[in-house]
Amino acid sequence: MAASDARALSRALLDLCRSRKLTIATAESCTGGLVAGALTEIPGSSDVIDRGFVTYSNTAKHAMLGVKTATLESFGAVSKETAIQMAVGALEEADVDLAVSITGIAGPGGATPGKPVGLVHFAVASRDGRIVNKECRFGAIGRSAVRQRSVLEALRMLIELARGPQPPAKKRAAANLARPRVARSPRRTAVKRRRPTAPLKKPTTKK
């Protein structure tokens, strides 16, 4: 990760949040505060960045962010479920508009069956109820590289969330929603039928 990439994303995010009057909190595990560091490196970021939680241990995730013990035991610290609860916990504890969480295995050790080095789970949460999670498998590219790439991904996810929900698709015209007309075969020429004539009554003769 070039430092310029992180700076460019951080500036873009801060400018966007200022224009929309949004505040941010971060909740980080494997990145150890690097996302908060990238954002606060930009002068004047205090009007957007409220705080950062570095919750490296399971105890810290539970105590500081409210991650449920059952979640940690069932899914593990590096999981979609834990990442989502970390982001929601940061959102609630800091009372901000947006929050991002990162939890992963930067390496070189720490891998378990099904969870290799380079596996990182992200989540972003918004005050309006939107929650987005993402899984990245960076591979065994080195501890520093995993952490740096995680910072970039977290910043990108925050930018997308800060842009707001996508507007609903425009309703199609009622005519487009109508059932397609079935082509009718040419109407047959009506044939007039003659009404049957009543049988002639024989004249009665008086005797």
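A brief report on the enclosed structure follows. (Residues numbered from 1 in each chain as written. Predicted model: local features only at pLDDT ≥ 70, side-chain atom pairs only at ≥ 80, totals over all residues. Heavy atoms only, no water.)

**Here we look at the packing of helix α3 (residues 58-65) against helix α5 (residues 80-94)**
So, point 1. Interhelical geometry of α3 versus α5 gives an angle of 40° and a closest axis separation of 9 Å. The pairing of α3 with α5 is recorded here as oblique in orientation. Across the interface between the two elements, Lys61, Met64 and Leu65 from α3 touch Thr82, Gln85, Met86, Gly89, Ala90 and Glu93 from α5.
So, point 2. For the contact of α3 with α5, a count of residues per class yields four nonpolar, three polar and two charged. (Axes fitted to C-alpha atoms, helices over the stretch in contact; angles between N-to-C directions. Helix = DSSP H or I, 4+ residues; strand = E, 2+ residues; numbered from the N terminus. Parallel < 35°, antiparallel > 145°, perpendicular 65-115°, else oblique. Contact = heavy atoms within 4.5 Å. Nonpolar A, V, L, I, M, F, W, Y, C, P; charged D, E, K, R; others polar.)

**Quick notes on the sheet that holds strand β3 (residues 98-104)**
So, point 1. Read across the sheet, five strands follow the order β2-β1-β3-β4-β5 without closing on themselves; strand pairing throughout is mixed. Edge positions in the open sheet fall to β2 (49-54) and β5 (131-137), since each of these has one partner strand only. With strand direction ignored, the average angle separating the axes of adjacent strands in the sheet is 10°.
So, point 2. As defined by bridge partners, β3 adjoins strand β4 (residues 119-126) across seven bridges and the pair is classed as antiparallel. Note on β4: the bridge partner recorded for Val100 is Val124. (Pairing = 2+ DSSP bridges.)

**Some details on the side chain of Ser79**
So, point 1. Position of Ser79 relative to the elements: it lies in the loop between α4 (69-75) and α5.
So, point 2. At 3.1 Å, the side chain of Ser79 forms a polar contact with the side chain of Thr82.
So, point 3. When near neighbours in sequence (up to four residues on either side) are disregarded, Ser79 contacts Thr103, Lys115 and His121. (Polar contact = N/O pair within 3.5 Å; in protein donor to acceptor, adjacent residues only side chain to side chain.)

**Quick word on the pattern of salt bridges**
So, point 1. Overall, the coordinates contain nine salt bridges when judged by the stated rule.
So, point 2. Note that Arg130 is salt-bridged to Asp128, the shortest N-O span being 3.0 Å.
So, point 3. Taking relative accessible area as the criterion, Asp128 reaches 48% and is therefore assigned partly exposed.
So, point 4. One salt bridge in this structure joins Glu153 and Arg156, with 3.8 Å as the shortest N-O distance. Linking Glu153 with Arg156, this pair stays in helix α6 (residues 143-162), spanning three residues, or about one helical turn.
So, point 5. Overlapping salt bridges, with partners in common, bring together Asp15, Arg18 and Asp47 in one network. (Salt bridge = Lys/Arg side-chain N within 4 Å of Asp/Glu carboxyl O. Buried < 20%, exposed > 50% of the residue type's maximum accessible area, 1.4 Å probe, protein only.)

Distances and angles like these do not, on their own, reveal function.
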